[in-house]
Amino acid sequence: MSDLDTFTLLHLRIDPQSKAIGSAGATAAGTTSRTLEAELAALNALHRSLHSLEAPHVVPPPPVPVNPKRSANVTKLRESGNAEYRKQRYGEAIKFYTLGLQMALTRPAWEPSQLVREEVHQLYSNRAQAHMQLAGWAEGAVDAEASVEAKRQGNAKAWLRRGRCLVEMGRLEEARDWVGKGLEVEGQEKELLELLKEVEGRIAQDKASGA
Amino acid sequence: MVDIDWWGLIVPFAYLVVLSGTFMTFSTIYRKRKATQSANLAPWFGPHLQRNIYLSLLHMEPEANGSEKAAAAKTPKVPESVIRAALLRRAVEDIHRIIQIRTAKAACSSLLQRGSVGDDLWQRFQRAEKEMEEELRDVVMEANALAPNWGQIIFQSANEIAANTVLKQRLDEIQAQTEREKEWWEKRRSTIKTESLKKLEDESEKTQGKVGSEDEPVLVDTNTPSATPVSGGGSKKKKGRK
């Protein structure tokens, strides 16, 4: 973008039926055409999602007042998951959480990302807990990590759950690092401190028995 | 009357002419060089693909040169919604660039003060900043032309889109590990080390009787794959949930 008054004319064509934009003609290098293809795919996806807007809007409305329907659905799915969990039907609970995650992650992209993080971190964290009940430590660890990624602060449970999963898988060093990081972020959380103590005890024990 | 000695004056005049001539040549050459230098400065960002697409869409028909709205309405081939989507994509890319510029600014200026980077890097940076301002103004104008008052909110939407994309990418990356982690854990569980088995034994106080000798953990573990899970059950129960 060296000049604001000029641009590179790209040879685009439009599919008359689907209105999808594609590139026409041979573009120069393979790499540029690949990035172009990717960008056009993103554009077409965005275009399709713009169609989902309700009638009066032709452009995405401002992010703040959110359409409450989807949030209600996500909450409902999470509640159902929690109910199943309480009945100790963990497989069902995982299914509900997964549905809720799909619902939360397919939210139109222009809606507030903070809201997505808020919903997603709870769902991932709960799903991690359900996996842990089924002894799916690997899945639990991944889900808890995703939960932390969605919300780093004020998410002590997810930090704790991944730590617990790592301990259960015998990845003690990793667990110590993880819990240490969690303590940095969360401050002196009691359960995390306990877990850290436990991990360190086990590492020391390993060393003692190994020596 | 003083008789002017023209021949005597030639020397100072020649001196002046030579002097100013040198100055002028020097200054023109210097300026020319500087101009070419700044013209040849590599742009901060690569080509703005989204902007190119947007403008290409507008220019797809020869008569689409006029005001965007009228042109888009006149040419049925490019529906307005596509143009709006393209403009939104362009705004998203601009958001990415703004973030880059903001994060680079502090680092750049402190490096410049310390003399760690050359002057031309700073020039490139400032030019990128100015170009970004122009670009934003342009997008707002285009947005207002496409839909009433869209210019005020297009960057809010674009900002959320950008943030959401980043979040989704990260989550997808993390979730993509699931299969690998599961495989690893299966393998690990089948060949689990003696010590951890012994510890599990201690902790769970399960009767795993036959593991008296520490040399054959594999046997027990493959026989009772649920041995590991059960051990954690007790300590987990007490944790609360959201």
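What you see is a predicted model, and the numbers here were worked out from it, not measured in a lab. Counting restarts for each chain, with residues numbered from 1 along the sequence as it is written. Here every chain gets a letter starting at A, and every ligand a number starting at 1, in the order they are written. Only residues with pLDDT of 70 or above have their local features reported here, since the model is predicted, and side-chain atom pairs are shown and tallied only from 80 upward, although totals for entire chains, interfaces and linings are computed over all residues. Side-chain metrics rest on all non-hydrogen atoms present in the structure, leaving aside hydrogens and water.

## Brief notes about the overall build of chain A
Moving on, step 1. Secondary structure elements are defined from DSSP: runs of H or I of at least 4 residues count as helices, runs of E of at least 2 residues count as strands, and each element is numbered from the N terminus. The helix and strand tally for chain A stands at 8 helices and 2 strands.
Moving on, step 2. Tracing chain A from N to C terminus, the helices and strands come up as β-β-α-α-α-α-α-α-α-α.
Moving on, step 3. Only protein chains enter the calculation, and the probe is 1.4 Å; a residue is then buried if its accessible area is under 20% of its type maximum, exposed if over 50%, and partly exposed in between. Here chain A holds 211 residues, and 48% of them are scored as buried.
Moving on, step 4. Contacts in chain A between residues far apart in sequence, at least 24 positions, make up 51% of those at least 6 positions apart.
Moving on, step 5. When the accessible area of chain A is evaluated, it comes to approximately 10,300 Å², of which 55% is carbon and sulfur surface. Pairs of residues are marked as contacts when any of their non-hydrogen atoms sit within 4.5 Å. With residues, only the protein chains shown are counted as cover, and all accessible areas are computed by Shrake-Rupley using a 1.4 Å probe.

## As for the layout of surface pockets
A water-sized probe rolled over the atoms picks out the places where empty space is left.
Moving on, step 1. As defined here, a cavity is a set of points on a 1 Å grid over the protein atoms alone where a 1.4 Å probe fits but cannot get out. A pocket is an open set with protein on both sides within 12 Å along at least five of seven lines, and residues line them when an atom is within 4 Å of a point. Grid points are joined across faces, edges and corners, and a volume is the space filled by probe spheres set on the points. In this structure, the largest pocket occupies an estimated 510 Å³ of space.
Moving on, step 2. Lining of the largest pocket is provided by 21 residues; of these, Ala 42 and Ala 109 of chain A together with Arg 89, Ile 161 and Thr 165 of chain B occupy positions nearest its centre.
Moving on, step 3. Looking at the lining of the largest pocket, the elements that each hand over two or more residues are helix H1 (30-51) of chain A together with helix H4 (80-114) and helix H6 (150-190) of chain B.
Moving on, step 4. Per-element tally for the lining of the largest pocket: the top contributor is H6 of chain B, with 7 residues.
Moving on, step 5. Gly falls in the polar group here, along with every residue not listed as nonpolar (Ala, Val, Leu, Ile, Met, Phe, Trp, Tyr, Cys, Pro) or charged (Asp, Glu, Lys, Arg). Tallied by class, residues from the lining of the largest pocket come to 9 nonpolar, 7 polar and 5 charged.

## A closer look at the interface of chain A and chain B
When the parts of a complex come together, some accessible area is lost, and that lost area is often used as the size of the interface.
Moving on, step 1. Each partner contributes to the interface: chain A provides 80 residues, whereas chain B provides 65 residues.
Moving on, step 2. Buried area adds together the accessible area that both of two parts lose upon being put together, with accessible area traced by a 1.4 Å probe. Summed over both partners, the interface of chain A with chain B buries about 6,500 Å², with 62% contributed by carbon and sulfur atoms.
Moving on, step 3. We define a salt bridge as a contact between a side-chain nitrogen of Lys or Arg and a carboxyl oxygen of Asp or Glu at a distance within 4 Å. At the junction of chain A and chain B, the tally comes to 3 salt bridges.
Moving on, step 4. Here Arg 170 of chain B makes a salt bridge to Glu 149 of chain A, at a shortest N to O gap of 3.3 Å.
Moving on, step 5. Polar contacts here mean pairs of N or O atoms no more than 3.5 Å apart (in protein, one a potential hydrogen donor and the other a potential acceptor; neighbouring residues in sequence count only if both atoms are side-chain atoms). Our count for the contact surface shared by chain A and chain B stands at 8 residue pairs in polar contact (both at pLDDT 80 or more).
Moving on, step 6. Elements with a contribution of two residues or more to the side of chain A that touches chain B: strand E1 (12-14), H1, helix H2 (68-86), helix H3 (90-105), helix H4 (113-133), helix H5 (137-150), helix H6 (156-168) and helix H8 (190-210) of chain A.
Moving on, step 7. A per-class count over the side of chain A that touches chain B returns 40 nonpolar, 18 polar and 22 charged.

## Examining the packing of aromatic side chains
Moving on, step 1. Classification of ring pairs uses Phe, Tyr and Trp, with its six-membered ring standing for Trp, and accepts pairs whose centres are within 6.5 Å; under 30 degrees between planes counts as stacked, over 60 as edge-to-face, and the remaining range as tilted. The tally for this structure, following the rule as stated, stands at 5 aromatic pairs over all chains.
Moving on, step 2. Ring plane angle 15 degrees and centroid distance 5.9 Å describe the contact between Phe 26 of chain B and Tyr 30 of chain B, whose orientation is recorded as stacked. Separated by 4 residues within a single helix, Phe 26 of chain B and Tyr 30 of chain B lie in helix H1 (residues 6-39), roughly one turn from each other.
Moving on, step 3. By relative accessible area, which is 57% here, Phe 26 of chain B ends up exposed.
Moving on, step 4. Geometrically, a charge over a ring is one whose NZ (Lys) or CZ (Arg) sits within 6 Å of the ring centre while staying within 35 degrees of the ring normal. Its guanidinium or amino end placed over the ring of Trp 178 of chain A, Arg 162 of chain A lies 4.9 Å from that ring's centre, counting from NZ or CZ.

## A word on the side chain of Arg 162 of chain A
All names here are of chain A.
Moving on, step 1. Looking at the element boundaries, Arg 162 is found in helix H6.
Moving on, step 2. Side-chain polar atoms of Arg 162 contact the backbone oxygen of Ala 141, separated by 3.1 Å.
Moving on, step 3. Look past the residues within four positions of Arg 162 in its chain and what remains in contact with it is Ala 141, Val 142, Ala 144, Glu 145, Glu 174 and Trp 178.

## A few points about the confidence of the model for chain A
Moving on, step 1. A residue-level look at chain A finds 84% of positions with pLDDT of 70 or above and a mean pLDDT of 78.
Moving on, step 2. Looking at any residue, its pLDDT shows the predictor's confidence there, from 0 to 100. Across chain A, the secondary-structure element scoring lowest on mean pLDDT is E1 of chain A, at 68, and the one scoring highest is H4 of chain A, at 86.

## Quick word on the confidence of the model for chain B
Residue and element names in this part refer to chain B.
Moving on, step 1. Across chain B, pLDDT averages 74, with 72% of residues at or above 70.
Moving on, step 2. Predicted confidence in chain B is weakest over helix H9 (residues 227-236), with a mean pLDDT of 41, and strongest over H1, with 90.
Moving on, step 3. Contacts of residues 62-75 to residues separated by more than four positions or lying in other chains number 18 contacts, the stretch itself having pLDDT below 50.
Moving on, step 4. Note on residues 208-242: pLDDT is under 50 here. Beyond four places in sequence and across chains, it has 57 contacts.
Moving on, step 5. Prediction confidence for the complex, expressed as pTM and ipTM, is 0.66 and 0.76 respectively.

## Points about the environment of Trp 137 of chain A
Residue and element names in this part refer to chain A.
Moving on, step 1. With respect to the secondary-structure elements, Trp 137 resides in helix H5.
Moving on, step 2. What makes Trp 137 buried here is its relative accessible area of 0%.
Moving on, step 3. Along the sequence, Trp 137 and Arg 162 sit 25 residues apart, while their C-alpha atoms lie 8.5 Å from each other.

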